[in-house]
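What follows is each chain in one-letter form.
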Amino acid sequence: MPVGNKPAHLRHDLLKLGAVIAVALALFIAAPAAIAKTDVNADVDKRVKSILESMTVEQKVGQMVQGEIKSVTPADVTKYHLGSVLNGGGSFPNGNKLAEVSEWLALADDYYHASMDTSQGGAGIPILWGTDAVHGHNNVIGATLFPHNIGLGAANDPKLMHKIGEITAREVAVTGIDWLFAPTLAVVKDNRWGRTYEGYSSESPIVKSFAGEFVLGVQGVSGELRTNHQRVIATAKHFIGDGGTDRGVDQGNTRLDLDSLVEQHGQGYITALEADVQTVMASFNRWNGLKIHGHKQLLTDVLKDQLNFDGFVVSDWDGVGQVAGCNAETCPQAINAGIDMVMVPHDWKKLLENTLLQVRSGEIPMSRIDDAVSRILRVKLRAGLFEKGAPSSREVAGNEALIGSPEHRAVAREAVRKSLVLLKNNKRTLPLKSGQHILVTGEGADNIGKQNGGWTITWQGTENQNSDFPGATSIYAGIDQAMADIGGSTELSVDDSWTKKPDVAVVVFGEEPYAEGQGDVDTLLYRNGRKTDLELLQKLKSKNIPVVAVFLTGRPLWVNAELNSSDAFVVAWLPGTEGGGIADVLVADKKNQPRYNFTGRLSFDWPNAELNAEDSSQPVASLLLKRGQGLSYGKSRIVANNLNEVAMVTNPSTERVLFSGSVKAPWSAFVGDSSNWSIKVNGTETNSAFGALSVKTVDGNVQEDSRAVEWTGGHLSQFFMQSELPLNLSGLVEDDGALSMTFRVDKRPEGQVIQRMDCGYPCSGGMDLTRLFSILPVGKWVTGSIKLSCFSKNGVDLSRVNAPLLISTDKPFGLTIMDVRLTTDVAENTVIGCG
C-alpha cells in the first residue's frame, strides 16, 4: 500500500529514505529488464493464482519449509509437501565427501520425483534445491573454485564477475541443483569480522557494480532462466547490514539510521534487483537491536513494498530461532515479518507442525501464507521448474566434463591474476627470471586447501588435502611449471633448507581456513602474534637470499614485520584452485619481461597497526595503505622498508585456541585405539579403527560449530588434539593459565574416563574425571577449566606440550565439545580441582 496509508510509526521511517529510495525506484521503473519481465512471464501470476487456489493449507506450509539433505529423505518430501532442501557447507549426498556428480544428480532426481508424486495427496510442485556455491560449486569435488570475493574486489572487473556467475551456474546445473546462495553483497566495515573475505569491498561502489553482473551471469537476462538449462536461481544476501556490525562481531548489531543503512549497505541490492534476482536471504545481524529475521519494516516495507521485490525471502540457517520469543521449532514472528521460506535444517518437522497450528489459530494470517507461497511458486515458474523435468533429463545434467573444465579453469586463473596486489618490489626482485633457481617454501606453498580458505568442500575449509582437488594447481606447482618453461628450476621445502642454493625464495604463508563467526578476531594482529612465518622470512634473509612473500589472507592484517623482512610482498588473498594464476604474474617470459602485470588494487584499507582503524585514537595513522593502492611492475614503492613493528597493545593475549567451530592451527584432532592410535579427524564424521569411537560435526549454538564425541565401549579409545611440533606453555602457567573446555555431557560415562595432556608420549600427565562427567546434567552446556599447574604436578613438561587435550575410555560415554582453549582468563567457578 502507499506510504501515506501505512501506520504512523512506519511513515516517518520510510519517508526518511528520501532520495535513496527515490533513486532506487527510478532505476526499477526505467530498467528494461524489469519491463521485459512482465512480457516474458505474462502467464506466471495467472498460473500462480490457479495453483494456489488448489492447494491445502498443509501443502502451502510445506512449500515454505526448507530442510537440510542430511535430515530430509525423498519420502519426507512427498509426505510433508516440502518446497525446498539445501545442502549446507560440508554436506554431501549420502554423507560422502567424495561424492561423484552422478550421486548428486541421483539425489536431485529422487527429491524431484518425490515432490511430483501426488499419490499421497501432494500438489505436484517441483522441489527447489539450494546450495552454498559462494566461490564456484565449492561442495563438489573437482569443481572450478574462484578467488573469494575479497580477491575479486581487488580485481575490480564487473564483466569478469558476469563470466564467473555463468560458470558457477553451469557447474551447479550439471549436478541437478537449481538454486545457489550467492552473491554475498556485504559491505565490510570492520576487518575483524570472520566473513570479511566474503565481501568485495569496504565501500559500496564495487559491490554495486558487481551485484547485477553476477546475477545476470547466474540467471541470464530476464526470462532466460525459464528455458535455459544452464541458468539457475541466484540469491542476494544477506539483507541487510551484515558487514556493518559493531566491532565486526558475526551476527552482531549494526547501528545506523535507515538512510545510512541503505546508502552504505543496500546499494548492491539495487543492482541485483534490477537484474531480476529471484531470491533474497535475510541476514543474521540485528539492526539497532532487532534481529532482521523478525524485522517487518526491512523485509516487507522496504524490500518488498518500496523496492518492489516480488521474489521470495529465505531465512538463513536456523536464523528464525534468534528472533526474540522464537526458537528453531517455532517462529510466527519471522513469517509475519516477511520470511517466505524458512531454512530450518534439522528441526523442520517441528517448525512445520507449529506453523500449521499457528495458521489455524490465526496467529499467522492466511493472507501472509498465501503471499509467501505465491512468491515461491512465482520463482519456481520463472525458473521453468514445471517444464524442465527431472534434473537428469536436462541439457547439461551429468556432463562431468564441465566440472572443472579447462575453459572454466582458464577464467578462474584470469581472476587470480587480476586479484593479486603488489605492495612491495625492492630491487626488482620480481618477476622471477630465466635461469634462476627458486626455493618455494612456507605452509601455503603446496597446500590447495589453504589457498582456497573457508567454504571449500567443508564449511570451514578445514580437513582437506590436495587429493580432494583433482585438476587444481597449487602455488608451488604453478611456479614450478612456469620456471621450467623459461629454463629455470624450483625446489619445494617446508622450511629454510635446500639442496641447491636458491637465487630467490618464494615464501607462501597466511591465515588458516575459517568461515563465519569462527573467523572473528579481536585485533588485526596476524596469527595473534605467533612468529613462525616471520622467523622463516628472517632466516632466509639472513642467508642473503632475496625473499618474495606471497600472503594468503581473507582480510587485511597488520604484517609490518613480514613486510620489512621481504624484498617483494604480494597479497594473493584466497585464490582458489588455480594457483597457476600467481605464477603467471610472478614469473617472467623467456626474455625476462613480465608475462602479465600486477593490476589488482586494494578494495579495503590496509592497516598500519593491529587495531581496527575505528578503534584507534589516530585512525589515519593506523592505515598503511588506502583503497585503490597497489603497485605495477616498474612503479615506485608505496611502503617503506622500516615500518613500525611495535604493537599498540603492549600486552597481546597469550591465549591459544585449540577448537572454536573448527580445530585451529597448529592443532589437529585425532581418534585412536590399539589398532591405530592416530587417525586424523576429517569431514563430518570420523571413526576409530575398531569403531568404538566416533567424532561428528554438529550444531551447538550456530551451524556446525561443535563436535560430538561418542564412545560405544569395547575398546580403549581416545580423542585428542595435537600439534606436529611441541609448544612451550610455561609462560601460561606462570600467569595461572588453564586448559578450558566448553562442552555438554550427552551420555554419562559407564566406566573410567581419563583426561590427560601429553608432552611427547610417554611424557604425560592427567586425571580421572569420571565423577565430574557423571554428576554434570546431561544436555547442558558447561565450561570446565583445569589449571596447567595441575598437569605440571602430574608429570607434564609444560615446555614441550604437543597434545594439550586427550580424553580416553573403554566404556560408553558421550560429550559434545564447543570450545577448547589455553587461557589465563579463567572464571573461578569453572575451575576443576587437580584431583
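Structural data are supplied above this passage.
Conventions used here
- All chains use their own residue numbering, which begins from 1 and follows the written sequence.
- A pLDDT threshold of at least 70 governs which residues receive local features in this predicted model, and a stricter bar of 80 or more applies before side-chain atom pairs are shown or counted, although totals over entire chains, interfaces and linings include all residues.
- Neither water nor hydrogens contribute to the side-chain values; these are computed over all heavy atoms in the structure.
- Every helix listed is a DSSP run of H or I at least four residues long, and every strand listed is a run of E at least two residues long, numbered separately from the N terminus.
- Whenever a nitrogen or oxygen atom comes within 3.5 Å of another N or O atom, the pair is scored as a polar contact, on the condition that within protein one atom can donate a hydrogen and the other can accept it, and that pairs from neighbouring residues in sequence are kept only if both atoms are in side chains.
- By the convention used here, residues are in contact when the closest approach between their heavy atoms is within 4.5 Å.
- Two strands pair if DSSP finds at least two bridges between them.
- Throughout, an axis means a line fitted to C-alpha atoms (over the contacting stretch in the case of helices), and angles, computed between N-to-C directions, take values from 0 to 180 degrees.
- Under this scheme an angle from 65 to 115 degrees is roughly perpendicular, one under 35 degrees roughly parallel, and one over 145 degrees roughly antiparallel; angles in between are oblique.
- If you view the pair so one helix is near and one far, a crossing is left-handed when the near helix is turned anticlockwise from the far one by less than a right angle, and right-handed when it is turned clockwise.
- Residues are grouped as follows: Ala, Val, Leu, Ile, Met, Phe, Trp, Tyr, Cys and Pro are nonpolar; Asp, Glu, Lys and Arg are charged; every other residue, Gly included, is polar.
- Any pair of Phe, Tyr and Trp rings, taking the six-membered ring for Trp, is counted once the centres come within 6.5 Å. Such a pair is stacked with planes under 30 degrees apart, edge-to-face with planes over 60 apart, and tilted for the rest.
- Note on exposure labels: buried denotes an accessible area under 20% of the residue type's maximum, exposed denotes more than 50%, and partly exposed covers the range between, all computed with a 1.4 Å probe on protein chains only.
- With strands facing away from the observer, any crossover in which the path from the first strand over the helix to the second runs clockwise is taken as right-handed.

Asker: For this particular structure, what's the right way to read the side chain of Asp758?
Answerer: With respect to the helices and strands, the residue Asp758 is situated in strand E28 (residues 754-758). Among the polar contacts made by the side chain of Asp758, one reaches the side chain of Arg756 at a distance of 2.7 Å. For Asp758, the residues in contact, after removing those within four places along its chain, are Cys763, Ser764, Val801, Asn802, Ala803 and Leu806.

Asker: In this structure, what is going on with the sheet that holds strand E2 (residues 84-87)? I would like to understand it.
Answerer: The strands making up a sheet associate through hydrogen bonds between their backbones, and the pairing can be parallel or antiparallel. If you trace the five strands from one edge of the open sheet to the other, you get E4-E3-E2-E1-E11, paired in parallel fashion. Two strands in the sheet have a free side with no partner beyond their single neighbour: strand E4 (179-180) and strand E11 (342-343). Here two bridges tie strand E1 (residues 65-68) to E11, and the two strands are oriented parallel to one another. Its bridge partner being in E11, Val65 is matched across the sheet by Val342. Together, E2 and strand E3 (128-131) form the strand contacts of helix H7 (residues 101-116), whose direction differs from that of E3 by roughly 145°.

Asker: Even after reading the chapter, I still don't get the packing of helix H10 (residues 204-219) against helix H12 (residues 267-274), so can you show me in this structure?
Answerer: In the contact formed by H10 and H12, the axes pass within 7 Å of each other and the chain directions differ by 20°. Classified by the interaxial angle, the pair formed by H10 and H12 is roughly parallel. Pair H10 / H12 crosses with right-handed handedness. Contact residues: Ser204, Val207, Lys208, Ala211, Gly212 and Val215 in H10; Gln267, Gly268, Thr271 and Ala272 in H12. Here the residues of the contact of H10 with H12 sort into four nonpolar, five polar and one charged.

Asker: Just to check I follow, could you spell out the packing of aromatic side chains for this structure?
Answerer: Given two aromatic rings, their pairing is described by the distance between the two centres and the angle made by the two planes. Under the defined criterion, the tally for this structure stands at 21 aromatic pairs. Judged by centre distance (4.9 Å) and plane angle (75°), the ring pair of Tyr200 and Phe210 falls under edge-to-face. Of this pair, Tyr200 sits in the loop between E4 and H10 while Phe210 is found in helix H10, placing the two residues 10 residues apart along the sequence. Using a relative accessible area of 0% as the deciding quantity, one classes Phe210 as buried. On the basis of an interplanar angle of 40° and a centroid distance of 5.4 Å, the ring pair of Phe509 and Phe551 is categorised as tilted. With Phe509 in strand E15 (residues 504-510) and Phe551 in strand E16 (residues 547-552), this pair connects stretches of sequence that are 42 residues apart. Among the residues examined, Phe509 registers a relative accessible area of 0% and is labelled buried.

Asker: Which parts of the structure should I look at to understand the pairing of E16?
Answerer: Both faces of the sheet carry side chains from a regular strand, because those side chains alternate between them. E16 sits mainly inside the fold: six of its six residues count as buried. By the alternation rule, side chains of E16 split into Val547, Ala549 and Phe551 and Val548, Val550 and Leu552, which are all buried. In the sheet, E15 pairs with E16 via six bridges, with the strands oriented parallel. For Val506, the partnering residue across the bridge sits in E16 and is Val548. Crossover connection from E15 via helix H21 (residues 532-542) to parallel E16: handedness right-handed. When E16 meets strand E17 (residues 568-573), the two strands line up parallel, connected through five bridges. Within the sheet, the bridge partner assigned to Ala549 lies in E17 and is Phe569.

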